[in-house]
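Here is what each chain is made of, one letter per residue.
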Amino acid sequence: LLNFTVDKSCILLDFLLLKMSSKSRNHVKSLLKYRAVSVDGTVQTKFNMVLKEGQNVQINRTVPQEKAPENELDILYEDEELIAIYKPAGLLSIASDKEKEFTAYHMLTDYVKLKNPEDRIFVVHRLDRDTSGVLVVAKNEEIKLALQEHWSDLVLERAYYALVEGQLKEKKGKVHSWLKKTKTLMMYSSDRPGDGLEAITEYEVLEESEDYSLLDIHLQTGRKNQIRVHMKDLGHSVAGDKKYGAKTN
């Protein structure tokens, strides 16, 4: 057994990856999956549990060879044609080159196959890995296509909260640009109409401190990384978003 004391607040998965840096990400996740991690004596399986300073984390380095418990999904709504879940921050919507299994898609696929091994799910939309919120999937391709074709009519409001660096001079405003992608898959803004995909973001400051501002953000369009790019354009990157200019975590 390994025992560690938490020295500052952080996410459980991040803590485990730091303390077991010689192990692969998949190995560390399997420890959670197979109930080999305890916090203050209680077994934990949720990767996004927030640890507090002073808590004790105990790790059984040997993954027991037993059937893993069902993935824990926060299902908000389900009927015969679709499922809506709450996706926590830190969980991919679908697989990436580096991560194939630890995704909402994989968890939902396992969930529906428990009832019928032939069942499938179909991705309707995505949320960024570090964005929490409601994720909707379809149970058949017909519903998937119907939802996607009428998404702008069905989803009347796209709203987010974002913590950004610094204090904004304009406490309420709009960012309007055309988004393009670099060869390294970074998104950036062009101010030339038609030079990319049109993106419109409205924001309002809800609260602010000396170093940060909490924004209520509403999207008129839903482009990839739109909020992150537009906050960078304002000179107030989303806190922790080093890819788009953040200097703090």
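In this text the structure is predicted, and so the values were computed from the model without any measurement.

The subject of this paragraph is the overall build of the protein chain. Each helix and strand in the protein chain was counted, giving 6 helices and 15 strands. Along the first, second and third principal axes, the C-alpha atoms of the protein chain reach 60 × 50 × 35 Å. Split into buried and exposed, the 249 residues of the protein chain put 37% on the buried side. Counting contacts in the protein chain only where the partners sit at least 6 residues apart, residues at least 24 apart contribute 58% of the total. On the protein chain, roughly 15,400 Å² of surface is accessible, and the fraction owed to carbon and sulfur atoms is 48%. A gap of 7 Å separates the mean positions of the 37 positive and 39 negative side-chain charges of the protein chain.

Moving on to a nonpolar patch on the surface. On the surface, Leu76, Tyr77, Tyr86 and Val134 cluster together into a nonpolar patch covering about 390 Å² of accessible area. Summarising the element assignment, Tyr77 is placed in strand E7 (residues 75-78).

Attention shifts here to the pattern of salt bridges. Taken as a whole and assessed by the stated rule, the structure comprises 7 salt bridges. The partner of Glu208 in a salt bridge is Lys171, with the nearest N and O atoms 3.0 Å apart. One end of the pair, Glu208, is in strand E14 (residues 197-208); the other, Lys171, is in the loop between strand E11 (158-165) and strand E12 (172-181), and 37 residues separate them in sequence. Residue Glu208 is classed as partly exposed on the basis of its relative accessible area of 39%. Among the salt bridges present, the one from Arg228 reaches Asp241, with a minimum N-O distance of 2.8 Å. Highlighted residues: Arg228 in helix H6 (residues 226-234) and Asp241 in the segment after H6, separated in sequence by 13 residues.

Per the counting criterion, the structure on display carries 1 cavity of 30 Å³ or more. Quantified by volume, the largest cavity comes out at close to 50 Å³. Taken together, Ser93, Ile94, Ala104, Tyr105, Leu108, Ile121, Val123, His125, Leu135, Val136 and Val137 form the lining of the largest cavity. Listing elements by their share of the lining of the largest cavity, those giving two or more residues are helix H3 (104-115) and strand E10 (133-138).

A cluster of basic residues, Arg126, Lys181, Lys224 and Lys243, forms a positive patch on the protein surface. Relative to the helices and strands, Lys224 resides in the loop between strand E15 (212-219) and H6. Residue class for Lys224 comes out partly exposed when judged on its relative accessible area of 43%.

The final tally for this structure, using the stated rule, is 1 aromatic pair. Pairing Phe4 with Phe15 gives two aromatic rings, centres 6.2 Å apart and planes at 80°, and the pair type is edge-to-face. With Phe4 in strand E1 (residues 2-5) and Phe15 in helix H1 (residues 12-19), this residue pair connects regions lying 11 residues apart in the sequence. As far as the burial class goes, Phe4 and Phe15 line up, both buried.

Take the confidence of the model for the protein chain next. Averaged over every residue, the pLDDT of the protein chain is 89; the share at 70 or more is 94%. With pLDDT under 50 throughout, residues 64-71 is counted as low confidence; its partners more than four residues away or in other chains account for 10 contacts.

Once that is clear, we can look at helix H2 (residues 25-33). Inspection of H2 places Val28, Lys29, Ser30, Leu31 and Leu32 among the buried residues, and these make up the whole buried set. Elements that come into contact with the buried residues of H2 comprise H1, strand E3 (37-39) and strand E6 (56-59). Following H2 by one or two positions, Arg35 adopts a phi angle in the positive range, close to 60°.

For the rest of this paragraph, the subject is the nonpolar core. As a rule of thumb, nonpolar side chains are buried together in soluble globular proteins. Of all hydrophobic cores here, the largest spans 32 residues; its most connected members are Leu12, Leu16, Leu51, Val57 and Ile59. Elements represented by at least two residues in this core include exactly E1, H1, H2, E3, E6, strand E8 (82-87), H3 and E10. With 5 residues, the top contributor of residues to this core is H3. If we skip the residues at most four places from it in the chain, Val57 touches Leu2, Asn3, Phe4, Val6, Phe15, Leu16, Val37, Ser38, Val39 and Leu51.

Turning our eyes to something else, we now look at the side chain of His125. Position of His125 relative to the elements: it lies in the loop between strand E9 (122-123) and E10. Take His125: its relative accessible area is 17%, and that puts it in the buried class. Within the structure, the side chain of His125 is placed 2.9 Å from the backbone nitrogen of Val136, a separation counted as a polar contact. Contacts of His125, omitting those with residues within four sequence positions, involve Val134, Leu135, Val136 and Trp151.

Conventions adopted
Residues numbered from 1 in each chain as written. Predicted model: local features only at pLDDT ≥ 70, side-chain atom pairs only at ≥ 80, totals over all residues. Heavy atoms only, no water. Helix = DSSP H or I, 4+ residues; strand = E, 2+ residues; numbered from the N terminus. Buried < 20%, exposed > 50% of the residue type's maximum accessible area, 1.4 Å probe, protein only. Contact = heavy atoms within 4.5 Å. Areas by Shrake-Rupley, 256 points an atom, 1.4 Å probe, with all protein chains shown as cover. Lys, Arg positive; Asp, Glu negative; His and termini not counted. Charge placed at Lys NZ, Arg CZ, Asp CG, Glu CD. Patch = residues over 30% accessible without salt bridge, like charges linked within 9 Å, V, L, I, M, F, W, Y side chains within 5 Å. Salt bridge = Lys/Arg side-chain N within 4 Å of Asp/Glu carboxyl O. 1 Å grid on protein atoms, 1.4 Å probe; cavity = no way out; pocket = protein on both sides within 12 Å on 5 of 7 lines; lining within 4 Å. Points joined across faces, edges and corners; volume = space filled by probe spheres on them. Phe/Tyr/Trp six-rings, centres within 6.5 Å; stacked < 30°, edge-to-face > 60°. pLDDT = per-residue confidence, 0-100. Core = buried A, V, L, I, M, F, W, Y, C linked by side-chain atoms within 4.5 Å. Polar contact = N/O pair within 3.5 Å; in protein donor to acceptor, adjacent residues only side chain to side chain.

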